[in-house]
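The residues making up each chain are set out below.
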Amino acid sequence: MDIAVKRRRLALCAFFLLFGISIAAWVTRTPAIRDAIGASIAEMGMVLFGLSVGSMVGILSSGWLLRRLGARRTTQIGLWLVVLSLATMSVGVALGQAPVVAFGLFLFGLGGGGAEIALNIEGAEVEAIAKRPLIHALHGFFSLGTVVGGAVGLFFNAIHFSVIGHLLIIAAIDIAIIVTLIRYIPADTGRAGIPGSDTPAADGAASAWKDPRLYFIGLIVLGMALAEGAANDWLPILMVDEFGFDAASGSLVFLVFATAMTIGRFSGGYFIVRYGRAAVLCGSAVIGAIGLATVIFSHNPILAGAAVLLWGIGASLGFPVALSAAGDSGPNPAERVRLVAICGYVAFLVGPPMLGFVGETYGLRGAMLIVLVLVVTAAISTLALRRPR
């Protein structure tokens with residue numbers, strides 16, 4: 001592997017780490033942010049809806065941006081929007097204004113939606129060049145970022161450190177990473193069609209959607225990404241409101257989830273090589289369903305907190321392994337990765353705010369039943385990916 005590919009891998013790992021640290025910065029402080037803006041569960045759902053709208057715009061415009069600007073500039077624009085979003089949310093908290101926080105989340109979704117699609121396509125290309133699994137490790141760095149960010153959030157919650165100061169510190173760290181490493185992402189990946197293919201991007205998308213296996217991969221990504229996104233957005237509040245944890249303990253439970261995700265993703269390469277993608281996806285979905293069911297139906301706070309380990313391990317490999325399966329499912333791999341990634345990021349970023357509206361009426365544990373059903377559906381869908389011997 002030459003030095004240029006190694007630098008690409010380093011940059012990709014760092015940018016996924018950046019996203020994890022950034023998302024953990026506001027997830028671990030959601031109870032404090034909710035109190036600062038005086039929001040109910042339904043109102044927090046509306047605030048998170050800003051993330052959904054921004055994500056949809058960013059995701060759906062990602063193909064257009066990639067074809068015209070390439071992966072580097074698309075990623076760069078998205079990362080700077082994430083930095084701006086953290087600053088905007090800090091202003092919203094300072095003013096006690098929910099609409100400003102919602103706009104900050106809109107910017108986060110807008111930047112993250114476009115940049116992460118570009119980064120996943122970059123990861124698929126580097127994976128093909130290196131001829132070994134990589135995407136699960138990239139998402140492992142995202143989870144490692146949530147662990148680091150979760151630990152920082154836990155510490156700041158425990159010492160009652162300002163939410164505003166917390167968000168601005170993370171923004172400064174993000175700036176340093178962007179300025180140092182963005183140069184290592186190639187400028188032309190994804191530009192003017194699909195890398196390594198003579199088929200135009202539009203034709204590639206049309207042919208990909210004719211493949212029924214891609215629909216099953218999309219269902220898997222939908223369920224597993226929602227399982228991850230629901231925890232990222234609601235787990236601290238779920239533990240505080242439904243099980244009586246304080247804010248610091250709620251952050252600790254999120255840290256347990258993020259640690260389980262990280263362990264699952266970094267150890268996933270062995271299981272993928274040993275058992276194959278279909279078996280790993282099925283096992284992950286089953287483990288995640290067991291953890292989710294325990295959290296939903298248990299009335300014991302300690303048992304529910306421990307079950308988050310299974311939830312995290314189960315959710316860890318679903319999204320990245322399904323992306324690898326999509327890239328290996330037929331011609332135009334980059335376009336296939338983009339289409340499946342759209343399904344995943346819609347579930348990851350758009351689904352959780354919808355759970356807030358259900359949670360206002362039925363409680364957050366009741367809302368998590370939707371996630372459980374989709375994870376079970378993902379487990380069943382993996383049967384379509386098994387290759388005959």
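One structure accompanies this document, and this report is about it. All values derive from a computational prediction rather than experimental measurement.

It is worth spelling out the packing of aromatic side chains at this point. One pass over the structure, following the stated rule, counts eight aromatic pairs. For the pair phenylalanine 155 and phenylalanine 156, a centre-to-centre distance of 5.8 Å together with 45 degrees between the ring planes defines the contact as tilted. Judged by relative accessible area, phenylalanine 155 falls into the partly exposed class, the value being 48%. Judged by relative accessible area, which is 11%, phenylalanine 156 ranks as buried. A ring pair is formed by phenylalanine 156 and phenylalanine 161, whose centres lie 4.3 Å apart and whose planes are at 25 degrees; its orientation type is stacked. Taking NZ or CZ as reference, arginine 183 lies 6.0 Å from the ring centre of tyrosine 184, over its face.

Below, the discussion takes up helix 10 (residues 247-266). Taking 1.5 Å as the rise per residue, helix 10 with 20 residues should run 28 Å; its terminal C-alpha atoms sit 29 Å apart, in good agreement. Turning to helix 10, its buried residues number three or more, namely Gly250, Ser251, Val253, Phe254, Leu255, Phe257, Ala258, Ala260, Met261, Thr262, Gly264 and Arg265. Where helix 10 is buried, its residues meet helix 1 (3-27), helix 6 (135-158), helix 9 (212-243), helix 11 (268-275), helix 13 (301-316) and helix 14 (318-327). For helix 10, the N-terminal capping position is held by aspartate 246, with its side-chain oxygen 3.3 Å away from the main-chain nitrogen of alanine 248.

For the rest of this paragraph, the subject is the packing of helix 10 against helix 13. The N-to-C vectors of helix 10 and helix 13 enclose an angle of 35 degrees; their axes lie 7 Å apart at closest approach. In terms of crossing hand, the pair formed by helix 10 and helix 13 is right-handed. Across the interface between the two elements, Val253, Val256, Phe257, Ala260, Met261, Gly264 and Arg265 from helix 10 touch Val308, Leu309, Trp311, Gly312, Ile313, Ala315 and Ser316 from helix 13. Its residues assigned to classes, the contact of helix 10 with helix 13 shows ten nonpolar, three polar and one charged.

Thresholds, definitions, all that
Residues numbered from 1 in each chain as written. Predicted model: local features only at pLDDT ≥ 70, side-chain atom pairs only at ≥ 80, totals over all residues. Heavy atoms only, no water. Phe/Tyr/Trp six-rings, centres within 6.5 Å; stacked < 30°, edge-to-face > 60°. Buried < 20%, exposed > 50% of the residue type's maximum accessible area, 1.4 Å probe, protein only. Lys NZ or Arg CZ within 6 Å of the ring centre and 35° of its normal. Helix = DSSP H or I, 4+ residues; strand = E, 2+ residues; numbered from the N terminus. Expected span 1.5 Å × (residues − 1). Contact = heavy atoms within 4.5 Å. Polar contact = N/O pair within 3.5 Å; in protein donor to acceptor, adjacent residues only side chain to side chain. Axes fitted to C-alpha atoms, helices over the stretch in contact; angles between N-to-C directions. Left-handed = near helix turned anticlockwise from the far one by under 90°. Nonpolar A, V, L, I, M, F, W, Y, C, P; charged D, E, K, R; others polar.

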